[in-house]
Amino acid sequence: MSSSQSKDSGPAAHAASDGESDANVMWGGRFEGGPAESMQRINASIDFDRRLYAQDIAASKAHCQMLARQSIISPEDGEAILQGLDTILREIEAGEFTFERALEDIHMNVEARLKELIGDAAGRLHTARSRNDQVATDFRLWLREEIDALQAALRELQAALIDQAEAHAATVMPGYTHLQPAQPVTFGHHMLAYVEMLGRDRGRLTDARRRLNECPLGAAALAGTSFPIDRSQTADALGFDRPAANSIDAVSDRDFALEFLAAGALLAMHLSRLAEEIVLWCSHGFGFVVLSDAFSTGSSIMPQKRNPDGAELLRGKCGRVVAAFNGLMLVMKGLPLAYGKDMQEDKEPVFDAADTLLLCVQVAAGMVRDLQPDSEAMRQAAETGYLTATDLADWLVRSAGLPFREAHHVTGTLVKQAAESDRDLQGLTLAEMQAIEPRISEGVYEVLAVERAIESRTSFGGTAPELVRKAAATARERFL
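Since this is a predicted model, take the numbers as computed values, not measurements. (Residues numbered from 1 in each chain as written. Predicted model: local features only at pLDDT ≥ 70, side-chain atom pairs only at ≥ 80, totals over all residues. Heavy atoms only, no water.)

### What about the overall build of the protein?
- In terms of helices and strands, the protein carries 19 helices and six strands.
- Referenced to the eigenvectors of the C-alpha coordinate spread, the extents of the protein come out at roughly 105 × 55 × 40 Å.
- Within the span of the protein, comprising 480 residues, buried residues form 49% of the whole.
- Pairs at least 24 apart in sequence give 75% of the contacts found in the protein among residues at least 6 apart.
- Accessible surface computed for the protein: about 21800 Å², of which carbon and sulfur atoms make up 51%. (Helix = DSSP H or I, 4+ residues; strand = E, 2+ residues; numbered from the N terminus. Buried < 20%, exposed > 50% of the residue type's maximum accessible area, 1.4 Å probe, protein only. Contact = heavy atoms within 4.5 Å. Areas by Shrake-Rupley, 256 points an atom, 1.4 Å probe, with all protein chains shown as cover.)

### Here we look at the side chain of Asn109
- When you line up the elements, Asn109 lands in helix α6 (residues 106-118).
- Residue classification places Asn109 among the buried positions, given a relative accessible area of 2%.
- A polar contact of 2.8 Å, which involves the side chain of Asn109, links it to the backbone oxygen of Asp105.
- Once residues lying within four places of it in the same chain are set aside, the contact partners of Asn109 are Ile46, Phe97, Thr98, Phe99, Glu100, Leu103 and Glu104. (Polar contact = N/O pair within 3.5 Å; in protein donor to acceptor, adjacent residues only side chain to side chain.)

### Description of the packing of helix α4 (residues 53-69) against helix α5 (residues 75-93)
- Relative to each other, α4 and α5 sit at 170°, their axes nearing to 10 Å. Here α5 runs roughly antiparallel to α4, going by the angle between their axes. Along the contact surface, α4 presents Tyr53, Ala54, Ile57, Ser60, Lys61, Cys64 and Gln65, while α5 presents Gly78, Ile81, Leu82, Leu85, Asp86, Ile88, Leu89, Ile92 and Glu93. (Axes fitted to C-alpha atoms, helices over the stretch in contact; angles between N-to-C directions. Parallel < 35°, antiparallel > 145°, perpendicular 65-115°, else oblique.)

### A word on the environment of Phe256
- Tracing the backbone through its elements, the reader meets Phe256 in helix α11 (residues 255-282).
- For Phe256 and Ala54, which are 202 residues apart along the polypeptide, the C-alpha to C-alpha distance reads 20 Å.
- Once residues lying within four places of it in the same chain are set aside, the contact partners of Phe256 are Ala136, Phe139, Arg140, Leu143 and Leu212.

### Overview of the nonpolar core
- Ranked by internal contacts, the top residues of the largest apolar core, which has 91 residues, are Leu157, Phe260 and Val350.
- Top element by residues in this core is α11. It accounts for 14 residues.
- Ignoring sequence-local partners within four residues, the contact set of Leu157 consists of Leu198, Leu271, Val361, Ala364, Ala365 and Val368.
- In this structure, Ala400, Ala407, Ile440 and Val444 belong to the second largest nonpolar core, which totals 19 residues. (Core = buried A, V, L, I, M, F, W, Y, C linked by side-chain atoms within 4.5 Å.)

### Looking at the confidence of the model for the protein
- Chain-level pLDDT for the protein is 92 on average; 94% of the residues reach the 70-or-more range.
- Confidence over residues 1-24 falls short of pLDDT 50; this stretch has 91 contacts with residues more than four positions distant or in other chains. (pLDDT = per-residue confidence, 0-100.)

### Some remarks on unusual backbone geometry
- Across the junction of Leu337 and Ala338, the peptide omega takes the value 10°, indicating a cis bond.
- One can find Ala338 in the loop between α12 (309-332) and α13 (347-370).
- One non-glycine residue, Tyr386, lies in the positive phi region at around 60°.
- Take Tyr386: its relative accessible area is 24%, and that puts it in the partly exposed class.
- Positive phi is not limited to glycine here, since Asp422 has a value of about 55°.
- With respect to the helices and strands, Asp422 occurs in the loop between α16 (404-420) and α17 (430-436).

### Describing the pairing of strand β1 (residues 172-177)
- The pairing of β1 with strand β2 (residues 180-186) spans six bridges and is antiparallel. In the sheet register, Val172 faces β2, and the bridge partner there is Thr186.
- The hairpin turn running from β1 into β2, its antiparallel successor, is two residues long, and His178 in that turn takes a positive phi close to 60°. (Pairing = 2+ DSSP bridges.)

Now the structure itself:
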């Protein structure tokens, strides 16, 4: 279950020292009996929401300080609460804290321990708040930190890609469409394509972080509170830009989690595409790169095997992140305002997606840094498949004055003739070319070499080596 339950929903069963159940204490005497064992298991979220402990304690401290400043609780109670919360934080971090499933969630586990430490003053901490606004605040605080960590990892991955781009700005390789050889490009240019993709991912995460940075604390269960609280104070203390504007929306909104998962799904897809290319490039049919031992594995039966398992796992884990987004969308799509217990299903997919994404980005950065491109293998591949056919068509337009559609037809005829005689375009004699198009001159051979084709791609964003070097330098300024 989640820390995101309402203070007026669902009991817990844990015997208190006076013989009453903690459930009755929590729910104000409304319940006489405890829950069924299966209800207790489905209702409890402490097994996973305990990872919000630091955020829960930070938010409770900010709330306590605000209550004391507003004279809602006494300074003495406020100081006792703060000291008790600090003690609980130390206990949890030292592994000395006992989490009780009967207390359901991180909030009640902390509050119960606080009561053991400081007595009845602990009960004043929950004044003017609910677990509904409490968990929404904790979750936003946690996700904000996760986004920051993911951004830092993405920056490292971009740096690895840019390093490879600079080192291989002029390394020839085949560019593909439909996974068929299309035109020659450089390995550096190819690396920079992923830098751009990841830049958009970082932009989406930045936007998601900006929108989530509103503080729900003080919205209480859904309607606000009659106590004279200062929501701006707690928002400032916790580093939020502002308090959430509407108390109903504050406790029922999970857009911030969904937006993170949506951005994460796109990021995972980009990582999967990179991983798929590494798998292909490592294969015997390509042989474009060698993946280091650090990110490869062998076979238990075939001694010769060298498997790019790091890349394959990246490719596979994309599905987990997309599934997390789809799952939470399905949870939220039919919920009326404000809070529903269904919403405790928000944390596990987000926790898993955040962990998965961070690990995958770190692995991707390691693989990219360790990649050893085989320049000769890539160049040989670029010299097959008639990759300079477009350059020939462009030359016919530029030098022979043909309309492009006619030039396209002539080039296709020349490619067919070369293929039938098992030659490349440079292997055709001038007489053979002129038999198809008399306006072809000796100068055509200048554009048929792959290096010349690459050097000619000087339009902005093109693959000419000098442009790639400039683009890599610009990417360093933009992203690192």
